[in-house]
Amino acid sequence: MGLLDVLRWSRQQLMIGRGLWFVAGGDRVDSLVSFIHGWLAHDVFNQTSDPEWQAFETWLRDVKNEFPGEGWHVKFLVDCGGDHERAAMKFLDFVEEFVTSTRTPPTEL
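Keep in mind the model is a prediction, meaning the values are calculated, not measured.

Engineer: Quick rundown of the environment of Pro-51? Include the residues and the values.
Structural biologist: Secondary-structure assignment places Pro-51 in helix 4 (residues 51-62). Judged by its relative accessible area of 55%, Pro-51 is exposed. The spatial distance from the C-alpha of Pro-51 to the C-alpha of Gly-2 is 9.5 Å, given a sequence separation of 49 residues.

Engineer: Account for helix 1 (residues 3-15), naming residues and giving values.
Structural biologist: Taking 1.5 Å of rise per residue, the 13 residues of helix 1 would be expected to cover 18 Å, and the 18 Å separating its terminal C-alpha atoms lies within 8% of that figure. Looking only at helix 1, the buried set comprises Leu-3, Leu-4, Val-6, Leu-7, Ser-10, Arg-11, Gln-13 and Leu-14. What you see down the axis of helix 1 is that its buried residues fit within an arc of 165 degrees, all on one side. In the core, the buried residues of helix 1 are packed alongside helix 2 (19-24), helix 3 (29-45), helix 4 and helix 6 (84-102). The first or second residue beyond helix 1 is Gly-17, which carries a positive phi of 90 degrees.

Engineer: Describe the pattern of salt bridges, naming the residues involved and giving the relevant values.
Structural biologist: All chains considered together, the criterion is met by 10 salt bridges. Between Glu-96 and Arg-8 there is a salt bridge; the shortest N-O distance is 2.8 Å. Of this pair, Glu-96 sits in helix 6 while Arg-8 sits in helix 1, placing them 88 residues apart in sequence. With relative accessibility at 18%, the residue Glu-96 sits in the buried group. Classification of Arg-8 by relative accessible area gives partly exposed; the value is 24%. Among the salt bridges present, the one from Lys-90 reaches Asp-79, with a minimum N-O distance of 2.7 Å.

Engineer: Describe unusual backbone geometry, listing the residues and the values that go with them.
Structural biologist: The phi torsion at Gln-47 lies on the positive side, around 55 degrees, for a residue other than glycine. Mapped onto the elements of the fold, Gln-47 is located in the loop between helix 3 and helix 4. Despite not being glycine, Asn-65 shows a phi value in the positive range, around 50 degrees. For Asn-65, the position within the fold is in the loop between helix 4 and helix 5 (72-79). In this structure Asn-65 comes out as exposed when scored by relative accessible area, which is 58%.

How each quantity is defined
- Residues numbered from 1 in each chain as written.
- Predicted model: local features only at pLDDT ≥ 70, side-chain atom pairs only at ≥ 80, totals over all residues.
- Heavy atoms only, no water.
- Helix = DSSP H or I, 4+ residues; strand = E, 2+ residues; numbered from the N terminus.
- Buried < 20%, exposed > 50% of the residue type's maximum accessible area, 1.4 Å probe, protein only.
- Expected span 1.5 Å × (residues − 1).
- Arc of directions from axis to C-beta.
- Contact = heavy atoms within 4.5 Å.
- Salt bridge = Lys/Arg side-chain N within 4 Å of Asp/Glu carboxyl O.

What follows is the structure, encoded as structure tokens:
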């Protein structure tokens, strides 16, 4: 299970009303950013990488133009009028869009 899988799960939790605190340990979009940074630091520490996450970041930047220098969380918070949960959901919606558009569905036997 990679980071994008966990973020998809997080999106489902927000959709059923569990809130940012439940998925990221805080009620601000920065909490989700910190969670992601912690996951990525764990990968570095364990000398692993997540090519799908790297492809997502590139896609968010180059295809969607939604990865500005100040960070997606700053932009999305402004876009969402200061609503931290909506800003997180906007990001998680991009995660869902990327995964559903790039992963091949499993074949049935």
